[in-house]
Amino acid sequence: MSELHKFLFDGMPVRGMIVRLTQPWTEILARRASNSATGAYPPPVVELLGEMTAAATLIQANIKFNGALILQVFGDGPVKIAVAEVQADLSLRATAKVMGAIPDNAHLSEMVNVHSKGRCAITLDPKDKVPGQQPYQGVVPLVGDHNDKFGKLSDVLQHYMLKSEQLDTTLVLAADDKVAAGLLIQRLPVKGEANLLRSGIAEAHQDQIGLNEDYNRISILASSLTRDELLTLDVDTILHRLFWEEKVLRFEPQAGLLGPHFACTCSRDRVAGMIRGLGIVEAEEILAERGDIEVGCDFCGKQYRFDAVDAAQIFKSPGDQPPGTAIVQ
């Protein structure tokens, strides 16, 4: 079962989270693999997109934002764009657009940032917008302060959090075709509101960046977690192995519908509405050429097929529908 665990270190300005995605992650991959137009993701894309999905879940749970958090990586490599979206209720979905061959050992720079033009964006899209309100978006390049390419997504996001939120953050991410997982360790701000300010960050807050001994020690311990350990060990074992000398205060895990779970907004009815928008003439032309109308969700990969009978039902006016009956057939 997918689960999210939150914890604090007693007496220290440090918090942490671990997420393990199983069923929602395999659902994302299965939908993509069943799409005859695209086929399954190559293994390096599986790893990248899984890490993005785990990271987006951690960030959303960390900020408790009432809306969609959208993590995007895009650039000039064969992976044109990869997107992970997590709602406030931790429902999630993810997709990637792949154009070109990807070597089995490809890393972030080879997939997205070939000529150092890659970018990472985090968008916060409020659920209940007021008139004129726009989503907040932060964008950073996939290179460091000295134009050196980041080799891992975790390096990109740690750099993003330091630059945009002025917060020391440690991320360990891993994914394969069964599990997407992540560990987040973050130093709490000196003043609770400091990390929400976009200018004039408190000097006391700035002075703590990289200097808090408790955070630095916990960060070193967290960074020792290996990919295989993160993918295979249960959360209790991970926390004990890393922090057995620390006093860890744990919260009730979030699992099931209260935890991370897959959800996509596509549906057969929504696709039918799109076909209706094409118009009957264009729909009939597609049917004449192909025999049916096939539409795949760009996000989750699920395919919807409509034959001539289905299409006729779409364009039938409400008055042409047969009368209903109370008899159960």
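Just so we're clear, the structure is a prediction, and the values are computed from it rather than from any experiment. (Residues numbered from 1 in each chain as written. Predicted model: local features only at pLDDT ≥ 70, side-chain atom pairs only at ≥ 80, totals over all residues. Heavy atoms only, no water.)

(A) Inspection of the sheet that holds strand S7 (residues 136-141) at higher detail. Pairing within the open sheet is mixed, and its six strands lie in the order S7-S6-S3-S4-S5-S12. Only two strands of the sheet have a single neighbouring strand rather than two, namely S7 and strand S12 (261-262). Bridging between strand S6 (residues 119-126) and S7 involves six bridges; their strand directions are antiparallel. When the bridges of S7 are listed, Thr123 appears paired with Gln137. Against the sheet, helix H4 (residues 153-165) contacts strand S3 (67-74), S6 and S7, and its axis sits at roughly 120° relative to S7. (Pairing = 2+ DSSP bridges. Helix = DSSP H or I, 4+ residues; strand = E, 2+ residues; numbered from the N terminus. Contact = heavy atoms within 4.5 Å. Axes fitted to C-alpha atoms, helices over the stretch in contact; angles between N-to-C directions.)

(B) Representation of the pattern of salt bridges within the structure. Taken as a whole and assessed by the stated rule, the structure comprises 13 salt bridges. Two residues, Lys247 and Asp10, come together in a salt bridge whose shortest N-O distance is 3.4 Å. With Lys247 in the loop between helix H8 (235-243) and strand S10 (248-250) and Asp10 in the loop between strand S1 (3-9) and strand S2 (14-21), the pair connects residues that are 237 residues apart, well separated along the chain. The shortest N-O distance in the salt bridge between Asp145 and Lys163 comes to 3.5 Å. One end of the pair, Asp145, is in the loop between S7 and H4; the other, Lys163, is in helix H4, with 18 residues separating them in the sequence. By relative accessible area, which is 57% here, Asp145 ends up exposed. Taken together, the shared-partner salt bridges connect Asp214, Arg217 and Glu246 into one network. (Salt bridge = Lys/Arg side-chain N within 4 Å of Asp/Glu carboxyl O. Buried < 20%, exposed > 50% of the residue type's maximum accessible area, 1.4 Å probe, protein only.)

(C) Fine view of the packing of aromatic side chains. Within this structure, the stated rule accounts for three aromatic pairs. For the pair Phe7 and Phe243, a centre-to-centre distance of 6.4 Å together with 45° between the ring planes defines the contact as tilted. Placement of the pair is Phe7 in strand S1 and Phe243 in helix H8, with a sequence separation of 236 residues. By the burial criterion, Phe7 is buried, and Phe243 matches it. A ring pair is formed by Phe9 and Phe243, whose centres lie 5.0 Å apart and whose planes are at 85°; its orientation type is edge-to-face. Here Phe9, found in strand S1, pairs with Phe243, found in helix H8; they are 234 residues apart in sequence, far enough to count as distant. In this structure Phe9 comes out as buried when scored by relative accessible area, which is 2%. Members of the aromatic cluster, joined through ring pairs, are Phe7, Phe9 and Phe243. Sitting over the ring of Phe306, Arg268 keeps its end group 4.0 Å from the ring centre. (Phe/Tyr/Trp six-rings, centres within 6.5 Å; stacked < 30°, edge-to-face > 60°. Lys NZ or Arg CZ within 6 Å of the ring centre and 35° of its normal.)

(D) Examining the nonpolar core more closely. In this structure, Met52 and Leu157 are the most contacted members of the largest nonpolar core, which totals 73 residues. Tallying contributions element by element places helix H2 (residues 43-63) first for this core, with 11 residues. When near neighbours in sequence (up to four residues on either side) are disregarded, Met52 contacts Leu71, Gln72, Val73, Ala82, Val83, Ala84 and Leu153. Core analysis: the next-biggest nonpolar cluster, separate from the first, contains 23 residues, Tyr215, Ala222, Leu233 and Val235 among them. (Core = buried A, V, L, I, M, F, W, Y, C linked by side-chain atoms within 4.5 Å.)

(E) Examining the environment of Gly138 more closely. Topologically, Gly138 is positioned in strand S7. On a C-alpha basis, the gap between Gly138 and Cys120 in space is 8.3 Å, while along the polypeptide they are 18 residues apart. Setting aside residues no more than four positions away along its own chain, Gly138 makes contact with Cys120, Ala121, Ile122 and Tyr160.

(F) Region of the structure containing unusual backbone geometry. The backbone phi angle of Lys64 is positive, close to 50°, even though this residue is not glycine. In this structure Lys64 comes out as exposed when scored by relative accessible area, which is 68%. At Leu90, a position not held by glycine, the phi torsion is positive, near 70°. By the element assignment, Leu90 lies in the loop between strand S4 (79-86) and strand S5 (91-98).

(G) A look at the packing of helix H9 (residues 268-278) against helix H11 (residues 308-315). Look at H9 against H11: their axes get within 10 Å of each other, and the N-to-C directions meet at 75°. Of the possible angle classes, the one that applies to H9 and H11 is roughly perpendicular. Packed against H9, whose contacting residues are Arg268, Ala272, Ile275 and Arg276, the element H11 presents Asp310, Ile314 and Phe315 at the interface. Here the residues of the contact of H9 with H11 sort into four nonpolar, no polar and three charged. (Parallel < 35°, antiparallel > 145°, perpendicular 65-115°, else oblique. Nonpolar A, V, L, I, M, F, W, Y, C, P; charged D, E, K, R; others polar.)

(H) Local environment of helix H1 (residues 23-33). When H1 is considered as a whole, its buried residues turn out to be Pro24, Trp25, Ile28, Leu29, Arg31 and Arg32. Looking straight down H1, one finds its buried side chains confined to an arc of 160°; they lie on one side. Elements that come into contact with the buried residues of H1 comprise S2, H2, S5, strand S9 (180-187) and S12. (Arc of directions from axis to C-beta.)

Distances and angles like these do not, on their own, reveal function.
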